[in-house]
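Commentary on secondary and tertiary structure
If you want the building blocks of each chain, they are given just below.
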Amino acid sequence: MSSDIAADTLNKEESEIAEQSNEEKIIETVPSESEGENEEEDDDEEEEEDEDEKKEKSLIVEGKREKKKVERLSLEMTLIKKEQVLTEGKGQKLYDIERIQYFIKKKKCEELRLLHRLLFNRVGTVNLVKKNIGQFNGFPFEEGTEQYKKKEDMLKKFKKSDLKNICGVLDLEKSGVNSELISKIMTFLMEPKSTGKCIFSSKLLYVQEKAVQSESESDNSSDDEPLIKKLKKPPTDDELRETVKKLLADANLEEVTMKQICKKVYESYPSYDLSARKEFIKATVKELIS
């Protein structure tokens, strides 16, 4: 019995020792696996670092960098200028009429804009206004047509001073009411032609220009005068014409001015107010010296 008991105790001890040794082996194997995993992770990191270094090296450019040509976007704009369409009429070109050519050249561009609009239905640019007007030789339509009526309607919207200015440029008589001025302008523009008047000397033309400029100012000046002055009867047209004729016969036409002639006419009739007859006096002077 004692031997059996001793044998059992030995077997228990051996089994305990065997279990302890198995546990130790398991413990040893666990860190070895973790170490293997750590080594694999280290290898992966090293491979990634190698790849990063390769990428960085590939980005490094050795030598001089090639300069690329800068391509600039250039916009080519073509400006299409509309040329003035000049219609062909039946008369002479205004620049072929010496007196009208002189008056056109002496006028400022702004003073010719309304005439340009009447002729071409547009105001016109500064550098082409005089040129276009000079090339005009008459309207291409006939009197009584719809286009003719449109031109008349356009003139009806102009002020009297503007109508007189156009008459002055076209070498037409500037006396009369608006309807008469419009009729003169349209009749002339249908078939422009020379009036046959001679060319003045430079000083007489200067006098005429000054008279045209002062007419617009004198149109309104008589309206400010007392009505009592309007009751006095001035001399007749024939009397004024004879007076102007005598004054011009005794005057030096190279030196006398329109203002001086008008003043002498006023002095010839001191009892009368002739301010309302200033336009007639000027027209008479121009008629007698032409």
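Further up the page is the structure itself.
Residues numbered from 1 in each chain as written. Predicted model: local features only at pLDDT ≥ 70, side-chain atom pairs only at ≥ 80, totals over all residues. Heavy atoms only, no water.

Below, the discussion takes up the overall build of the chain. Secondary structure assignment for the chain yields 11 helices and 0 strands. Sequence-ordered secondary structure for the chain, helices as α and strands as β, is α-α-α-α-α-α-α-α-α-α-α. Scored against the burial criterion, the 290 residues of the chain give a buried share of 27%. For the chain, long-range pairs separated by at least 24 residues make up 69% of all intrachain contacts whose partners lie at least 6 apart in sequence. As presented, the chain carries roughly 21500 Å² of accessible surface, and 50% of it is formed by carbon and sulfur atoms. (Helix = DSSP H or I, 4+ residues; strand = E, 2+ residues; numbered from the N terminus. Buried < 20%, exposed > 50% of the residue type's maximum accessible area, 1.4 Å probe, protein only. Contact = heavy atoms within 4.5 Å. Areas by Shrake-Rupley, 256 points an atom, 1.4 Å probe, with all protein chains shown as cover.)

A separate point is the nonpolar core. Of all hydrophobic cores here, the largest spans 32 residues; its most connected members are L155, L170, I185 and L189. Where this core is concerned, the elements lending two or more residues are α2 (98–106), α3 (113–120), α4 (129–135), α5 (146–156), α6 (160–169) and α7 (178–190). Ranked by the residues each element gives to this core, the list is headed by α7, at 7 residues. Beyond its immediate chain neighbours, meaning those up to four positions away, L155 contacts L118, L163, I166, I182, I185 and M186. Counting 14 residues, the second-largest nonpolar core is a separate cluster that includes L240, V244, V256 and L274. (Core = buried A, V, L, I, M, F, W, Y, C linked by side-chain atoms within 4.5 Å.)

Look at N121: it is not a glycine, yet its phi comes out positive at around 60°. Turning to its location among the elements, N121 is positioned in the loop between α3 and α4.

Position of H116 among the secondary structure elements: in helix α3. Among the polar contacts listed, one links the side chain of H116 to the backbone oxygen of R122, at a separation of 2.9 Å. (Polar contact = N/O pair within 3.5 Å; in protein donor to acceptor, adjacent residues only side chain to side chain.)

So, about helix α10 (residues 258–268). Each α-helix turn comprises 3.6 residues. Residues three or four places apart therefore point the same way. Here α10 has its buried residues at M258, I261, C262 and V265. When α10 is viewed along its axis, its buried side chains cluster within an angular range of 100° and face the same direction. For α10, the exposed residues set more than 90 degrees away from the buried face come down to K259, K263 and E267. (Arc of directions from axis to C-beta.)

Okay, α2 next. Among the residues of α2, R99, I100, F103 and I104 are the ones counted as buried. Within α2, the buried residues cover an arc of 135° as seen down the axis, which keeps them to one side. Those residues of α2 that are exposed and angled more than 90 degrees off the buried face are E98 and K106.

So, on to the pattern of salt bridges. Here the idea is simple: oppositely charged side chains can pair when their charged atoms come close. Within this structure, the stated rule accounts for 6 salt bridges. Across the salt bridge formed by R277 and D237, the nearest N and O atoms sit 2.0 Å from each other. Of the two residues, R277 is situated in the loop between α10 and α11 (278–289) and D237 in helix α9 (residues 237–250); the sequence distance between them amounts to 40 residues. The class for R277 is buried, based on a relative accessible area of 14%. Classification of D237 as partly exposed rests on a relative accessible area of 38%. A salt bridge links E287 to R241; its shortest N-O distance comes to 3.4 Å. Taken together, the residues E287 in helix α11 and R241 in helix α9 connect sequence positions 46 residues apart. For E287, a relative accessible area of 49% corresponds to the partly exposed category. (Salt bridge = Lys/Arg side-chain N within 4 Å of Asp/Glu carboxyl O.)

Moving on: the packing of α9 against α11. Running from amino to carboxyl end, α9 crosses α11 at an angle of 50°, the nearest separation of the two axes being 10 Å. On the basis of the axis angle, α9 is oblique to α11. In this structure, α9 crosses over α11, and the sense of that crossing is right-handed. Contacts between α9 and α11 involve D237, L240, R241, V244, K245 and L248 on the former and, on the latter, F280, I281, T284, V285, E287, L288 and I289. (Axes fitted to C-alpha atoms, helices over the stretch in contact; angles between N-to-C directions. Parallel < 35°, antiparallel > 145°, perpendicular 65-115°, else oblique. Left-handed = near helix turned anticlockwise from the far one by under 90°.)

What follows concerns the packing of aromatic side chains. Within the structure shown, the criterion is met by 4 aromatic pairs. For the ring pair Y102 and F103, a centre distance of 6.0 Å and an interplane angle of 75° mean the geometry is edge-to-face. Each ring, one from F136 and one from F139, has its centre 5.2 Å from the other, and the planes form 70°; the classification is edge-to-face. Grouping residues by exposure puts F136 and F139 together as buried. Through pairs of rings, three or more aromatic residues link up here, namely F120, F136, F139 and F141. (Phe/Tyr/Trp six-rings, centres within 6.5 Å; stacked < 30°, edge-to-face > 60°.)

Purely geometric stuff here, so don't read any function into it on its own.
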